[in-house]
Amino acid sequence: MTDTDERLLMTPGPTALPPEVREALGRPLVNPDVEPGFTADYRRLLDKLAEVHGTDDDVVVLGGEGILGLEASVASLVASGETVLCLANGLYGEGFADFVETHGGEAVVHSVGEGEVFDPDEIASLADEHDPVAATMVHCETPIGLLNDIEGVLETLQDAGVLTVVDAVSSLGGTPVPTQRIDVCLGASQKCFSSPPGLSTLTVSERAWEKVEATPQDSFYASLEPWRDVDLDTDQAVLLPYTHLTSNLYALEASLDRLLEEGLEAVYERHEDVAERCRERGREAGLDPLPPVDRSSPTVTAFEIDGGAERVCREVRERHGIVLSTGLADHADDVVRVGHMGYGADRERVDVAMDALADVLN
Ligand SMILES: Cc1ncc(COP(=O)(O)O)c(C=O)c1O
């Protein structure tokens with residue numbers, strides 16, 4: 001079983017593309033500024049994304065991969081000198097603070113230690129003490145395979161009147177995301193949607209739009225503001241803030257069709273089942289996942305190894321044609337990550353990948 005003649009891509013994003021998605025990439029292009037057909041296509045795509053999120057909030061798709069959504073949400077919501085509470089128990093959680101500071105905000109980083117749990121009471125005190133305009137957090141910390149339980153934290157922040165920004169880049173479309181409680185919820189095309197890299201997706205609550213409008217924007221490309229007034233209630237061509245990545249949009253719609261046809265509950269169960277299979281195969285090979293099992297993500301497993309992760313991944317690739325990822329930063333040498341998201345959330349693919357990993361480790 002391979003994605004091409006030589007190899008199987010099992011990284012935690014980008015993921016392999018299903019045939020329907022590859023086919024959609026080749027659809028003839030329309031010109032969004034000129035031809036009326038694009039508007040209906042784009043509206044349909046946004047409706048499908050809203051369905052995946054289970055939200056009535058607006059959905060925006062930006063032409064740029066996941067990081068653009070992270071930066072754009074902060075850049076759009078935070079004025080110079082305003083405080084943002086950044087909740088961190090992994091790399092991406094910490095990284096939000098950089099965007100806050102780049103755009104003139106003051107980041108209060110609440111770092112609980114890698115993989116540790118956030119305490120809503122502590123967050124309530126921090127909100128009280130610092131009076132932040134927004135709080136950022138990560139649903140799935142991909143580098144350590146951790147799924148954060150964010151419901152209690154979101155409720156606390158909502159009660160405190162703090163806007164919430166959630167990076168659900170590697171969980172959206174693979175496990176339920178509590179979008180109804182989130183002001184700006186971020187996704188990306190290349191993770192559980194199994195579309196090519198290139199698109200950031202965002203839901204934006206009315207409260208968040210109001211804050212965007214009240215905030216002087218210090219960027220055009222990384223701002224949500226120009227997207228607020230795009231009127232899609234027309235059969236005519238619409239002028240978007242910039243030319244959209246039409247082929248990527250077609251591919252994303254094909255991905256969403258796959259997901260919605262299977263049914264969200266079935267998709268989530270498949271991810272749980274395959275993640276359990278991956279951990280079981282890891283246990284057989286003497287490997288433990290980095291976070292405790294009850295907090296392991298259904299979309300990616302980070303196995304701890306004794307070192308040499310780069311060499312292990314290279315040998316898995318060269319000897320077996322399976323592409324895995326190492327850990328990042330402090331875990332670059334002692335973590336190997338198996339992505340089982342979207343098209344990769346498949347028992348057969350995980351078995352093939354874990355056979356190869358076990359063989360190399362032996
Ligand atoms: C949690 C998380 N946020 C954001 C991103 C987006 O980063 P990029 O698309 O540059 O890889 C990723 C990608 O790995 C991610 O795992």
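Just so it is clear, the structure is predicted and the values come from calculations on it, not from any experiment. Along each chain, residue indices are assigned from 1 in the same order as the chain's sequence is written. In keeping with the model being predicted, local features are shown solely for residues with a pLDDT of at least 70 and side-chain atom pairs are shown and tallied solely at 80 or more, while totals for entire chains, interfaces and linings include all residues. Values reported for side chains reflect all heavy atoms of the structure, with hydrogen atoms and water molecules removed beforehand.

### Re the site of the ligand
We apply this condition: Whether a residue is near a molecule or strand depends on its heavy atoms: it is near if one of them lies within 4 Å of it. Polar contacts, as used here, are pairs of N or O atoms within 3.5 Å; protein pairs need one atom able to donate a hydrogen and one able to accept it. Residues neighboring in sequence count only if both atoms are side-chain atoms. The Shrake-Rupley method, run with a 1.4 Å probe sphere, supplies the accessible areas, and residue values consider only the shown protein chains as cover. Three residue categories are used. Nonpolar comprises Ala, Val, Leu, Ile, Met, Phe, Trp, Tyr, Cys and Pro, charged comprises Asp, Glu, Lys and Arg, and polar comprises the others, including Gly.
Around the ligand, a shell composed of Glu65, Gly66, Ile67, Tyr92, Cys140, Thr142, Asp167, Val169, Gln190 and Lys191 is seen. One of the side-chain N or O atoms of tyrosine 92 is found 3.2 Å from an oxygen atom in the ligand. Contact with the protein chains covers 82% of the free accessible surface of the ligand, which is 370 Å². Looking at the shell around the ligand, its residues break down into 4 nonpolar, 3 polar and 3 charged.

### So, the domain arrangement of the protein
Rule in force here: Boundaries between domains were set according to an automatic or database domain assignment. It only takes one pair of heavy atoms within 4.5 Å for two residues to be counted as in contact. Buried area, as used here, totals the accessible surface that two parts lose on assembly, with accessibility defined by a 1.4 Å probe and the loss added over both.
Per the domain assignment, the segments of the protein are domain 1 (8-17 + 262-361) and domain 2 (19-259). Taking only C-alpha atoms, the centre of domain 1 and the centre of domain 2 are 26 Å apart. With 30 residues of domain 1 at the interface, the matching set in domain 2 holds 33 residues. Summed over the three residues of domain 1 that lose the most area to domain 2, namely Leu17, Tyr268 and Arg295, the buried surface amounts to 30% of that side. The tally of links between domain 1 and domain 2 comes to 15 residue pairs in polar contact (both at pLDDT 80 or more).

### Considering empty space enclosed by the protein
What counts here: Note on definitions: the grid is 1 Å and covers protein atoms alone; a cavity is a set of points where a 1.4 Å probe fits but cannot get out; a pocket is an open set with protein on both sides within 12 Å along at least five of seven lines; lining residues have an atom within 4 Å of a point. Grid points are joined across faces, edges and corners, and a volume is the space filled by probe spheres set on the points. Note on conventions: DSSP H or I runs of at least 4 residues are helices, E runs of at least 2 residues are strands, and numbering of each starts at the N terminus.
A complete count under the given rule lists 1 cavity of 30 Å³ or more for this structure. For the largest cavity, the full set of lining residues is Phe38, Asp41, Tyr42, Leu45, Thr246, Leu249, Tyr250 and Glu253. Elements represented by at least two residues in the lining of the largest cavity include exactly α2 (37-53) and α9 (246-262). Of the residues belonging to the lining of the largest cavity, the class tally is 5 nonpolar, 1 polar and 2 charged.

### Topic: helix α7 (residues 206-214)
Counting along an α-helix, one turn takes 3.6 residues, and residues three or four places apart therefore face a common direction. Rules: Using a 1.4 Å probe on the protein chains alone, a residue whose accessible area is under 20% of its type maximum counts as buried, one over 50% counts as exposed, and one in between counts as partly exposed. Arc definition: it is the arc formed by the directions from the helix axis to the C-beta atoms.
Every buried residue of α7 is accounted for by Ala208, Trp209, Lys211 and Val212. One side of α7 carries all its buried residues, which in axial view fall inside an arc of 160°. Where the residues of α7 are buried, they touch β2 (58-63), α3 (66-77), β8 (163-167), β9 (184-188), β10 (199-204) and α8 (225-228).

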